[in-house]
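Now for the letters of each chain:
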Amino acid sequence: MKIILDAMGGDNAPDAVVRGALEAAKEFGVQIVLVGRGADILASMKAQGWDTLPDGVELANAEDVVDMHCDPAAVVKQHPNSSLVLGARMLAQGGGDAFISAGNTGALLTAATLLVKRIRGIRRAAFSPVLPTKDGHAILIDAGANAECTPEFLLQFGCMGSFYAQKALGIESPRVGLLNNGAEDTKGDPLHREAHQLLKRAAEQGTIHFVGNVEARDVPFGAADVIVADGFSGNVLLKTMEGTAMFMSGMMKQMFYRNPLTMLGALLCKKGLNGIRKTMDYRETGGSIVIGISRPVIKAHGSSDAAAVRGAIRQAIRAVESGFCEEIRANIGQMILPRGEEHAE
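Quick caveat: nothing in here was measured; it's all calculated off a predicted structure.

**Student:** What is the right way to look at unusual backbone geometry in this model?
**Tutor:** Glycine aside, a negative phi is what most residues show, and trans is what most peptide bonds show. Here the residue pair Ala-13 and Pro-14 is connected by a cis peptide bond, since its omega of -5° sits within 30 degrees of zero. With respect to the helices and strands, Pro-14 occurs in the loop between β1 (2–6) and α1 (15–28). A cis amide bond links Ile-141 with the next residue in sequence, Asp-142, at an omega value of 20°. Considering the arrangement of structural elements, one finds Asp-142 in the loop between β7 (136–141) and α6 (151–167). Look at Lys-117: it is not a glycine, yet its phi comes out positive at around 75°. Tracing the backbone through its elements, the reader meets Lys-117 in the loop between α5 (105–116) and β5 (126–128).

Written as C-alpha coordinates, this is what we have:
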(Lines give C-alpha, C1' and ligand atoms only; values in the text may rest on other atoms or scores of the structure.)
Protein backbone atom coordinates (compact mmCIF):
# COMPACT_ATOMS: atom_id res chain seq x y z
CA MET A 1 0.00 0.00 0.00
CA LYS A 2 1.25 3.48 -0.87
CA ILE A 3 0.11 6.66 0.92
CA ILE A 4 0.76 10.05 -0.71
CA LEU A 5 1.42 12.85 1.77
CA ASP A 6 1.47 16.62 1.22
CA ALA A 7 4.70 17.41 3.07
CA MET A 8 4.19 21.19 2.83
CA GLY A 9 0.60 21.36 4.14
CA GLY A 10 -0.26 22.54 7.65
CA ASP A 11 1.07 24.89 10.30
CA ASN A 12 3.94 22.61 11.30
CA ALA A 13 5.12 21.50 7.86
CA PRO A 14 7.42 20.07 6.82
CA ASP A 15 8.96 18.96 10.15
CA ALA A 16 5.84 17.45 11.74
CA VAL A 17 4.73 15.83 8.48
CA VAL A 18 8.14 14.30 7.85
CA ARG A 19 8.47 12.97 11.40
CA GLY A 20 4.95 11.51 11.35
CA ALA A 21 5.54 9.92 7.95
CA LEU A 22 8.83 8.30 8.99
CA GLU A 23 7.27 6.95 12.17
CA ALA A 24 4.25 5.61 10.27
CA ALA A 25 6.35 3.94 7.57
CA LYS A 26 8.23 2.04 10.27
CA GLU A 27 5.20 1.28 12.46
CA PHE A 28 2.64 0.33 9.80
CA GLY A 29 4.93 -1.07 7.12
CA VAL A 30 3.43 0.99 4.30
CA GLN A 31 5.09 2.99 1.55
CA ILE A 32 4.98 6.77 1.92
CA VAL A 33 5.44 9.37 -0.82
CA LEU A 34 6.39 12.79 0.55
CA VAL A 35 5.37 15.49 -1.93
CA GLY A 36 6.93 18.92 -1.57
CA ARG A 37 10.10 20.97 -1.79
CA GLY A 38 12.81 18.34 -1.90
CA ALA A 39 15.51 20.46 -0.29
CA ASP A 40 13.26 21.39 2.64
CA ILE A 41 12.14 17.81 3.18
CA LEU A 42 15.69 16.45 3.12
CA ALA A 43 16.87 19.22 5.48
CA SER A 44 14.06 18.34 7.88
CA MET A 45 14.98 14.66 7.74
CA LYS A 46 18.62 15.43 8.39
CA ALA A 47 17.72 17.58 11.40
CA GLN A 48 15.82 14.59 12.75
CA GLY A 49 18.76 12.23 12.30
CA TRP A 50 18.06 10.78 8.85
CA ASP A 51 20.80 11.26 6.26
CA THR A 52 19.02 9.33 3.51
CA LEU A 53 15.49 8.28 2.68
CA PRO A 54 14.65 5.10 4.62
CA ASP A 55 13.18 2.05 2.92
CA GLY A 56 9.54 2.57 2.04
CA VAL A 57 9.75 6.38 1.82
CA GLU A 58 9.89 8.22 -1.52
CA LEU A 59 10.21 11.87 -2.44
CA ALA A 60 8.26 13.67 -5.18
CA ASN A 61 9.51 17.20 -5.74
CA ALA A 62 7.00 20.08 -5.90
CA GLU A 63 8.44 23.57 -5.59
CA ASP A 64 5.14 25.45 -5.20
CA VAL A 65 3.09 25.58 -1.99
CA VAL A 66 -0.63 26.29 -1.55
CA ASP A 67 -1.08 28.52 1.49
CA MET A 68 -4.22 29.62 3.33
CA HIS A 69 -4.53 32.78 1.21
CA CYS A 70 -4.78 30.97 -2.14
CA ASP A 71 -8.12 30.98 -3.96
CA PRO A 72 -9.46 27.43 -3.53
CA ALA A 73 -11.52 27.59 -6.73
CA ALA A 74 -8.46 28.45 -8.86
CA VAL A 75 -5.82 26.36 -7.14
CA VAL A 76 -5.56 23.66 -9.83
CA LYS A 77 -4.95 26.23 -12.58
CA GLN A 78 -2.84 28.70 -10.63
CA HIS A 79 -0.73 26.21 -8.64
CA PRO A 80 -0.35 23.09 -10.83
CA ASN A 81 3.12 22.37 -9.44
CA SER A 82 2.19 22.71 -5.78
CA SER A 83 2.53 19.81 -3.37
CA LEU A 84 -1.23 19.70 -2.80
CA VAL A 85 -2.22 19.63 -6.48
CA LEU A 86 0.58 17.27 -7.48
CA GLY A 87 -0.35 14.89 -4.69
CA ALA A 88 -3.99 14.81 -5.80
CA ARG A 89 -2.92 14.29 -9.42
CA MET A 90 -0.66 11.40 -8.40
CA LEU A 91 -3.58 9.73 -6.63
CA ALA A 92 -5.82 10.22 -9.68
CA GLN A 93 -3.19 8.65 -11.94
CA GLY A 94 -2.73 5.60 -9.72
CA GLY A 95 0.52 6.70 -8.09
CA GLY A 96 -0.81 5.79 -4.65
CA ASP A 97 -3.81 4.42 -2.76
CA ALA A 98 -4.73 7.47 -0.66
CA PHE A 99 -3.78 11.15 -0.31
CA ILE A 100 -3.42 13.19 2.89
CA SER A 101 -2.98 16.94 3.33
CA ALA A 102 -3.14 19.26 6.33
CA GLY A 103 -3.18 22.29 4.03
CA ASN A 104 -5.87 24.61 2.65
CA THR A 105 -9.22 22.87 3.17
CA GLY A 106 -11.05 24.45 0.24
CA ALA A 107 -8.11 23.86 -2.08
CA LEU A 108 -7.97 20.19 -1.11
CA LEU A 109 -11.69 19.77 -1.83
CA THR A 110 -11.28 21.47 -5.22
CA ALA A 111 -8.26 19.37 -6.19
CA ALA A 112 -9.96 16.17 -5.05
CA THR A 113 -13.13 17.00 -6.99
CA LEU A 114 -11.47 18.15 -10.21
CA LEU A 115 -8.56 15.71 -10.36
CA VAL A 116 -9.46 12.58 -8.37
CA LYS A 117 -13.17 13.17 -9.13
CA ARG A 118 -16.34 12.12 -7.37
CA ILE A 119 -17.78 8.63 -7.59
CA ARG A 120 -20.15 8.62 -10.57
CA GLY A 121 -23.65 9.50 -9.39
CA ILE A 122 -22.55 11.26 -6.19
CA ARG A 123 -23.72 14.88 -6.30
CA ARG A 124 -21.31 16.33 -3.72
CA ALA A 125 -18.35 15.10 -1.70
CA ALA A 126 -18.51 15.76 2.05
CA PHE A 127 -16.06 16.28 4.91
CA SER A 128 -16.62 13.54 7.46
CA PRO A 129 -14.69 13.87 10.73
CA VAL A 130 -15.01 11.37 13.56
CA LEU A 131 -16.57 12.84 16.72
CA PRO A 132 -16.02 11.43 20.22
CA THR A 133 -19.16 10.24 21.97
CA LYS A 134 -20.04 8.71 25.32
CA ASP A 135 -19.86 5.17 23.98
CA GLY A 136 -17.24 5.57 21.24
CA HIS A 137 -17.36 7.65 18.08
CA ALA A 138 -19.71 8.98 15.43
CA ILE A 139 -19.22 10.13 11.84
CA LEU A 140 -20.38 13.68 11.04
CA ILE A 141 -21.25 14.16 7.37
CA ASP A 142 -21.07 16.97 6.14
CA ALA A 143 -18.82 19.19 8.29
CA GLY A 144 -18.36 22.14 5.97
CA ALA A 145 -17.93 21.24 2.30
CA ASN A 146 -21.50 22.12 1.29
CA ALA A 147 -23.15 25.04 3.06
CA GLU A 148 -26.26 24.73 0.89
CA CYS A 149 -27.76 21.32 0.22
CA THR A 150 -30.72 19.62 -1.43
CA PRO A 151 -32.62 16.71 0.12
CA GLU A 152 -30.83 14.36 -2.29
CA PHE A 153 -27.44 15.53 -0.99
CA LEU A 154 -28.48 14.67 2.56
CA LEU A 155 -29.81 11.28 1.44
CA GLN A 156 -26.47 10.51 -0.18
CA PHE A 157 -24.57 11.75 2.87
CA GLY A 158 -26.56 9.36 5.05
CA CYS A 159 -25.92 6.38 2.80
CA MET A 160 -22.23 7.14 2.24
CA GLY A 161 -21.66 7.76 5.94
CA SER A 162 -23.37 4.48 6.76
CA PHE A 163 -21.20 2.52 4.31
CA TYR A 164 -18.04 4.17 5.68
CA ALA A 165 -19.00 3.48 9.32
CA GLN A 166 -19.79 -0.12 8.44
CA LYS A 167 -16.76 -0.91 6.31
CA ALA A 168 -14.03 1.28 7.85
CA LEU A 169 -15.13 1.49 11.49
CA GLY A 170 -16.59 -1.99 11.80
CA ILE A 171 -20.08 -0.95 12.97
CA GLU A 172 -22.39 -3.73 11.78
CA SER A 173 -25.58 -1.69 11.45
CA PRO A 174 -24.73 2.02 11.86
CA ARG A 175 -27.52 4.17 13.25
CA VAL A 176 -28.06 7.14 10.95
CA GLY A 177 -29.53 10.33 12.43
CA LEU A 178 -30.46 13.64 10.80
CA LEU A 179 -29.18 16.69 12.68
CA ASN A 180 -32.25 18.86 13.31
CA ASN A 181 -33.76 21.31 15.78
CA GLY A 182 -36.06 18.71 17.29
CA ALA A 183 -36.60 14.96 17.46
CA GLU A 184 -40.12 14.98 16.02
CA ASP A 185 -40.62 14.02 12.35
CA THR A 186 -42.26 17.37 11.59
CA LYS A 187 -39.36 19.50 12.88
CA GLY A 188 -37.08 21.60 10.71
CA ASP A 189 -37.28 23.62 7.52
CA PRO A 190 -38.52 22.18 4.18
CA LEU A 191 -35.03 20.86 3.37
CA HIS A 192 -34.80 18.81 6.55
CA ARG A 193 -38.40 17.61 6.47
CA GLU A 194 -37.95 16.34 2.92
CA ALA A 195 -34.55 14.81 3.73
CA HIS A 196 -36.16 13.04 6.71
CA GLN A 197 -38.68 11.40 4.39
CA LEU A 198 -35.97 10.31 1.94
CA LEU A 199 -33.84 8.81 4.69
CA LYS A 200 -36.89 7.10 6.15
CA ARG A 201 -37.69 5.62 2.74
CA ALA A 202 -34.09 4.40 2.39
CA ALA A 203 -34.46 2.67 5.75
CA GLU A 204 -37.69 0.98 4.66
CA GLN A 205 -35.82 -0.31 1.60
CA GLY A 206 -33.11 -1.74 3.84
CA THR A 207 -30.34 0.58 2.63
CA ILE A 208 -29.61 2.22 6.00
CA HIS A 209 -30.66 2.06 9.64
CA PHE A 210 -32.31 5.47 10.07
CA VAL A 211 -33.20 6.47 13.65
CA GLY A 212 -34.81 9.83 12.85
CA ASN A 213 -33.91 13.37 13.85
CA VAL A 214 -31.09 13.99 16.31
CA GLU A 215 -30.62 17.19 18.32
CA ALA A 216 -27.11 18.60 18.71
CA ARG A 217 -27.11 18.09 22.49
CA ASP A 218 -27.68 14.34 22.02
CA VAL A 219 -24.75 13.80 19.64
CA PRO A 220 -22.06 13.49 22.39
CA PHE A 221 -24.26 10.93 24.17
CA GLY A 222 -24.16 8.56 21.18
CA ALA A 223 -27.63 9.19 19.73
CA ALA A 224 -26.42 7.94 16.33
CA ASP A 225 -23.32 6.49 14.67
CA VAL A 226 -23.70 8.69 11.58
CA ILE A 227 -24.83 12.31 11.93
CA VAL A 228 -26.21 13.70 8.66
CA ALA A 229 -26.03 17.49 8.28
CA ASP A 230 -25.80 20.24 5.71
CA GLY A 231 -22.29 21.68 5.72
CA PHE A 232 -23.26 24.86 7.55
CA SER A 233 -25.00 23.12 10.47
CA GLY A 234 -22.41 20.37 10.60
CA ASN A 235 -19.54 22.83 10.81
CA VAL A 236 -21.29 24.74 13.60
CA LEU A 237 -21.76 21.48 15.52
CA LEU A 238 -18.12 20.49 15.00
CA LYS A 239 -16.70 23.85 16.08
CA THR A 240 -19.07 24.01 19.07
CA MET A 241 -17.92 20.60 20.28
CA GLU A 242 -14.26 21.55 19.79
CA GLY A 243 -14.74 24.84 21.64
CA THR A 244 -16.65 23.19 24.48
CA ALA A 245 -13.92 20.58 24.90
CA MET A 246 -11.25 23.29 25.05
CA PHE A 247 -13.33 25.33 27.51
CA MET A 248 -13.96 22.39 29.82
CA SER A 249 -10.32 21.33 29.66
CA GLY A 250 -9.24 24.81 30.70
CA MET A 251 -11.78 24.94 33.52
CA MET A 252 -10.68 21.57 34.86
CA LYS A 253 -7.05 22.64 34.74
CA GLN A 254 -7.84 25.77 36.73
CA MET A 255 -9.82 23.75 39.25
CA PHE A 256 -7.15 21.09 39.82
CA TYR A 257 -4.25 23.53 40.08
CA ARG A 258 -5.97 25.90 42.51
CA ASN A 259 -4.17 24.71 45.67
CA PRO A 260 -2.17 21.74 47.02
CA LEU A 261 -5.33 19.83 47.99
CA THR A 262 -6.88 20.07 44.52
CA MET A 263 -3.51 19.15 42.99
CA LEU A 264 -3.57 15.98 45.09
CA GLY A 265 -7.04 15.29 43.72
CA ALA A 266 -5.69 15.72 40.19
CA LEU A 267 -2.99 13.17 40.94
CA LEU A 268 -5.56 10.67 42.19
CA CYS A 269 -7.72 11.27 39.09
CA LYS A 270 -4.80 11.20 36.66
CA LYS A 271 -5.70 7.92 34.97
CA GLY A 272 -9.29 8.96 34.38
CA LEU A 273 -8.31 12.42 33.18
CA ASN A 274 -5.84 10.93 30.72
CA GLY A 275 -8.61 8.73 29.37
CA ILE A 276 -10.85 11.75 28.83
CA ARG A 277 -8.02 13.66 27.18
CA LYS A 278 -7.34 10.76 24.83
CA THR A 279 -11.00 10.49 23.89
CA MET A 280 -11.16 14.19 22.98
CA ASP A 281 -7.77 14.26 21.19
CA TYR A 282 -8.20 14.73 17.42
CA ARG A 283 -4.78 13.13 16.91
CA GLU A 284 -6.26 9.76 17.90
CA THR A 285 -8.85 9.78 15.11
CA GLY A 286 -6.64 11.13 12.32
CA GLY A 287 -8.34 13.58 9.98
CA SER A 288 -11.56 14.24 8.12
CA ILE A 289 -12.05 11.85 5.23
CA VAL A 290 -13.60 13.38 2.09
CA ILE A 291 -16.37 10.88 1.40
CA GLY A 292 -17.72 10.73 -2.14
CA ILE A 293 -14.36 11.02 -3.91
CA SER A 294 -13.37 8.02 -6.03
CA ARG A 295 -10.29 7.28 -3.91
CA PRO A 296 -9.57 7.99 -0.23
CA VAL A 297 -8.61 11.63 0.42
CA ILE A 298 -8.06 12.81 3.99
CA LYS A 299 -7.90 16.34 5.36
CA ALA A 300 -5.63 16.35 8.40
CA HIS A 301 -5.98 19.07 11.03
CA GLY A 302 -4.14 22.26 10.10
CA SER A 303 -2.18 22.23 13.36
CA SER A 304 -1.26 18.54 13.08
CA ASP A 305 1.89 17.43 14.88
CA ALA A 306 3.73 14.19 14.12
CA ALA A 307 1.25 12.12 16.18
CA ALA A 308 -1.69 13.57 14.23
CA VAL A 309 0.02 12.87 10.91
CA ARG A 310 0.64 9.30 12.03
CA GLY A 311 -3.03 9.05 13.02
CA ALA A 312 -4.13 10.33 9.60
CA ILE A 313 -1.94 7.73 7.90
CA ARG A 314 -3.46 5.01 10.09
CA GLN A 315 -6.91 6.27 9.06
CA ALA A 316 -5.92 6.23 5.38
CA ILE A 317 -4.73 2.63 5.66
CA ARG A 318 -8.01 1.62 7.27
CA ALA A 319 -9.99 3.44 4.57
CA VAL A 320 -8.11 1.74 1.73
CA GLU A 321 -8.35 -1.71 3.29
CA SER A 322 -12.08 -1.31 3.99
CA GLY A 323 -13.04 -0.85 0.34
CA PHE A 324 -15.75 1.65 1.28
CA CYS A 325 -15.42 3.51 -2.03
CA GLU A 326 -16.25 0.30 -3.88
CA GLU A 327 -19.20 -0.25 -1.52
CA ILE A 328 -20.58 3.19 -2.43
CA ARG A 329 -20.17 2.45 -6.14
CA ALA A 330 -21.96 -0.88 -5.78
CA ASN A 331 -24.96 0.79 -4.09
CA ILE A 332 -25.14 4.05 -6.03
CA GLY A 333 -28.53 3.13 -7.50
CA GLN A 334 -30.08 3.38 -4.03
CA MET A 335 -28.79 6.93 -3.59
CA ILE A 336 -30.04 8.57 -6.79
CA LEU A 337 -33.57 9.96 -6.90
CA PRO A 338 -35.81 9.41 -9.92
CA ARG A 339 -35.86 12.28 -12.39
CA GLY A 340 -38.09 15.05 -11.10
CA GLU A 341 -37.37 14.40 -7.40
CA GLU A 342 -33.73 15.53 -7.36
CA HIS A 343 -34.31 19.11 -6.26
CA ALA A 344 -37.55 18.76 -4.32
CA GLU A 345 -37.60 20.88 -1.18
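**Student:** What am I meant to see in the packing of α6 against helix α7 (residues 190–204) here?
**Tutor:** The geometry of a pair of packed helices is captured by two quantities: the angle between their axes and the separation between those axes. Contact geometry of α6 with α7 gives a least axis separation of 8 Å together with a crossing angle of 40°. The pairing of α6 with α7 is recorded here as oblique in orientation. For the crossing formed where α6 meets α7, the hand is right-handed. Contacts between α6 and α7 involve Pro-151, Glu-152, Leu-154, Leu-155 and Gly-158 from the former and Leu-191, Glu-194, Ala-195, Leu-198, Leu-199 and Ala-202 from the latter. For the contact of α6 with α7, the per-class residue count stands at eight nonpolar, one polar and two charged.

**Student:** Just to check I follow, could you spell out the packing of aromatic side chains for this structure?
**Tutor:** Two descriptors summarise a pair of aromatic rings, namely the distance from one centre to the other and the angle between the planes of the rings. Applying the stated criterion to the full structure yields one aromatic pair. Judged by centre distance (4.9 Å) and plane angle (80°), the rings of Tyr-164 and Phe-324 are edge-to-face. On the criterion of sequence distance, the pair formed by Tyr-164 in helix α6 and Phe-324 in helix α13 (residues 324–330) is long-range, its members being 160 residues apart. Residue class for Tyr-164 comes out buried when judged on its relative accessible area of 0%.

**Student:** Hey, could you run me through the pairing of strand β8 (residues 175–179) in this one?
**Tutor:** As a general feature of sheets, a regular strand has side chains that alternate between the two faces. By the criterion of burial, β8 is predominantly enclosed, with four of the five residues buried. Taken together, β8, α7 and strand β9 (residues 209–214) form a β-α-β motif whose crossover is right-handed. Note: β8 against strand β10 (residues 226–228), three bridges, orientation parallel. Its bridge partner being in β10, Gly-177 is matched across the sheet by Ile-227.

**Student:** Just to check I follow, could you spell out the side chain of Ser-83 for this structure?
**Tutor:** Structurally, Ser-83 is set in helix α4 (residues 83–92). The buried category is assigned to Ser-83, whose relative accessible area is 1%. Excluding residues that lie within four positions of it along the chain, Ser-83 makes contacts with Asp-6, Met-8, Val-35, Gly-36, Ala-62, Asp-64 and Phe-99.

**Student:** So what exactly am I meant to see when it comes to the pattern of salt bridges here?
**Tutor:** Oppositely charged side chains can form a pair if their charged atoms are brought close together. Within the structure shown, the criterion is met by eight salt bridges. Between Glu-152 and Arg-123 there is a salt bridge; the shortest N-O distance is 3.2 Å. Residue Glu-152 is found in helix α6, and its partner Arg-123 is found in the loop between α5 and β5; the two are separated by 29 residues along the sequence. Judged by its relative accessible area of 1%, Glu-152 is buried. Looking at Arg-123, the relative accessible area reads 28%, which means it is partly exposed. With a shortest N-O distance of 3.1 Å, Asp-225 and Arg-175 are connected by a salt bridge. Within this pair, whereas Asp-225 is found in the loop between β9 and β10, its partner Arg-175 is found in strand β8, the two being separated by 50 residues in sequence. On the basis of relative accessibility, which here comes to 12%, the residue Asp-225 falls in the buried class. By relative accessible area, which is 28% here, Arg-175 ends up partly exposed.

**Student:** Any chance you could explain the environment of Ala-43 here in plain terms?
**Tutor:** Summarising the element assignment, Ala-43 is placed in helix α2 (residues 38–47). Each C-alpha atom of the pair Ala-43 and Pro-14 lies 9.6 Å from the other, and the pair is 29 residues apart in sequence.

**Student:** Where do I start with the pairing of strand β4 (residues 98–101) in this structure?
**Tutor:** Burial along β4 is two-sided: Ala-98 and Ile-100 and Phe-99 and Ser-101, pointing in opposite directions, are all buried. Bridge count between β1 and β4: three bridges; the pairing is parallel. Each bridged residue has a counterpart across the sheet, and for Leu-5 the counterpart in β4 is Ile-100. Relative to strand β12 (residues 297–299), β4 runs parallel, the two sharing three bridges. Of the residues in β12, the one forming a bridge with Phe-99 is Val-297.

Rules of the game
- Residues numbered from 1 in each chain as written.
- Predicted model: local features only at pLDDT ≥ 70, side-chain atom pairs only at ≥ 80, totals over all residues.
- Heavy atoms only, no water.
- Helix = DSSP H or I, 4+ residues; strand = E, 2+ residues; numbered from the N terminus.
- Axes fitted to C-alpha atoms, helices over the stretch in contact; angles between N-to-C directions.
- Parallel < 35°, antiparallel > 145°, perpendicular 65-115°, else oblique.
- Left-handed = near helix turned anticlockwise from the far one by under 90°.
- Contact = heavy atoms within 4.5 Å.
- Nonpolar A, V, L, I, M, F, W, Y, C, P; charged D, E, K, R; others polar.
- Phe/Tyr/Trp six-rings, centres within 6.5 Å; stacked < 30°, edge-to-face > 60°.
- Buried < 20%, exposed > 50% of the residue type's maximum accessible area, 1.4 Å probe, protein only.
- Right-handed = clockwise from strand over helix to strand, strands pointing away.
- Pairing = 2+ DSSP bridges.
- Salt bridge = Lys/Arg side-chain N within 4 Å of Asp/Glu carboxyl O.

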